[in-house]
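Residue strings, one per chain:
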Amino acid sequence: MTEKLLSEITTAQVGGPARTYIRATTETEIVEAVSSADAANEPVLIVGGGSNLLVSDAGFDGTVVHIASTGVEELPIPACGGANVRVQAGTVWDDFVQLSIEKEWSGPAALSGIPGTVGATPVQNVGAYGVEVGEFIASVRTWDRQINQFKTFANADLRFGYRDSILKQNMVNGSPRYVVLTVDFQFTLGSLSSPIKYGELAKSLGVQVGERAESALVRDKVLALRASKGMVLDASDRDTFSTGSFFTNPIVPVSALDSLPEDAPHFPVVTRTGVFGTEQQENEEYVKLSAAWLIQHAGFEKGFGLEGDAREIAGGRASLSTKHTLAITNRGDATAEDIFAIARAVRAGVAEKFGVELVPEPVVVNGKI
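Residues numbered from 1 in each chain as written. Predicted model: local features only at pLDDT ≥ 70, side-chain atom pairs only at ≥ 80, totals over all residues. Heavy atoms only, no water.

**Focus on the overall build of the protein**
When helices and strands are tallied, the protein shows seven helices and 21 strands. At 20 Å, the protein has a C-alpha radius of gyration in line with the 21 Å of a compact globule built from 369 residues. Its C-alpha atoms give the protein principal-axis dimensions of roughly 55 × 50 × 45 Å. Relative to all contacts within the protein whose residues are 6 or more apart in sequence, the contacts with residues 24 or more apart total 61%. When the accessible surface of the protein is totalled, it reaches about 16500 Å², and 49% of it is carbon and sulfur. Averaging the positions of the 31 positive and the 45 negative side-chain charges in the protein gives two centres separated by 0 Å. (Helix = DSSP H or I, 4+ residues; strand = E, 2+ residues; numbered from the N terminus. Rg over C-alpha atoms; globule rule 2.2 N^0.38 Å. Contact = heavy atoms within 4.5 Å. Areas by Shrake-Rupley, 256 points an atom, 1.4 Å probe, with all protein chains shown as cover. Lys, Arg positive; Asp, Glu negative; His and termini not counted. Charge placed at Lys NZ, Arg CZ, Asp CG, Glu CD.)

In structure tokens:
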């Protein structure tokens, strides 16, 4: 146990001290740390890569368990062929994607460059460029803090939705009920990617939407696209000192389009079930909007800051990314409150302009947006 500032283990580099900090490198250490804190009625904060977490400047008055277990194990080949792979929760996600390409485990190349750890990916069903991690997950082994037992979820039991899962929905005293220990993946074999679903990526690859490409090339193009938007961690680029996309793309009833401009981008939604913990309304159709478009057309340009004029560009210690309106960045000496203030301004502005409530994607601890 050591003292630790949360700013030291989060990609936005904000957040005050943890009262107790434990770096757990094995499954046993993870379970012991969480169980001991629960037994003492201590608040618990689970941290992986810290890429989807914003902690207030006051810090966390409890036990922070930093998941640092690593390792990739190839399991027996399933009867249907392909590959079965078990990954420890603390394994760096992008390292695993790189390994999948080297091993010709087809599928996750479009998820290259996403920061964080493997254990965090099923919690919010991480996705990018038309691909979601839930497409490849076979099962997730967890520690159930409510009954103090191990629990394994099959894919169907995880109730994956848009940036959502049963792991995200169930909480104990303000933190996740289920602590992810390992994630099992199933992949088909081959050097080709899964079908390209995203127009921007297809164009950069020189293929049509629905076609496949070499996974290694897909990874290169995705990394380049993400870097152009400040979404690949880079110590020399302040635009990457963020939690990535700060708001999820809103999912709204089709009827909501009546109050939006005709050119507002929108995309069909296959299912509403599980989205933000809400239930599907009978006979209601939904569409997904572009949060980035809403933010920009509400008057918030890239680099928007709060110092001086209400629409100052590249102002303040925190601002919207200069490359992408969906990220809120630490320009060098921002506090957590600086980032919260930007988020509140943007959220209020979009609601006022379009009547759409943006939902934050990162986990916010002891702060208000």
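**So, the domain arrangement of the protein**
According to the domain assignment, the protein consists of domain 1 (4–67), domain 2 (72–160 + 175–225) and domain 3 (251–289). Computed over C-alpha atoms only, the centres of domain 1 and domain 2 are separated by 25 Å. Counting residues at the interface gives 13 residues for domain 1, matched by 14 residues for domain 2. Approximately 1100 Å² of surface area, both sides summed, lies buried where domain 1 meets domain 2, with 61% of it carried by carbon and sulfur atoms. (Domains from an automatic or database assignment. Buried area = accessible area lost by both parts, 1.4 Å probe.)

**With respect to helix H1 (residues 27–39)**
Residues that lie three or four places apart on an α-helix share one face, since the helix turns once every 3.6 residues. Over its 13 residues, H1 runs 18 Å from end to end, which matches the ideal 18 Å to within 8%, given 1.5 Å per residue. Every buried residue of H1 is listed here: Ile30, Val31, Ala33, Val34, Ala37 and Asp38. What you see down the axis of H1 is that its buried residues fit within an arc of 165°, all on one side. Turned more than 90 degrees away from the buried face of H1, the exposed residues are Glu32, Ser36 and Ala39. Residues of H1 that are buried make contact with strand S2 (17–24), strand S3 (44–47), strand S5 (60–67), strand S11 (137–144), strand S12 (149–154) and strand S15 (178–189). (Expected span 1.5 Å × (residues − 1). Buried < 20%, exposed > 50% of the residue type's maximum accessible area, 1.4 Å probe, protein only. Arc of directions from axis to C-beta.)

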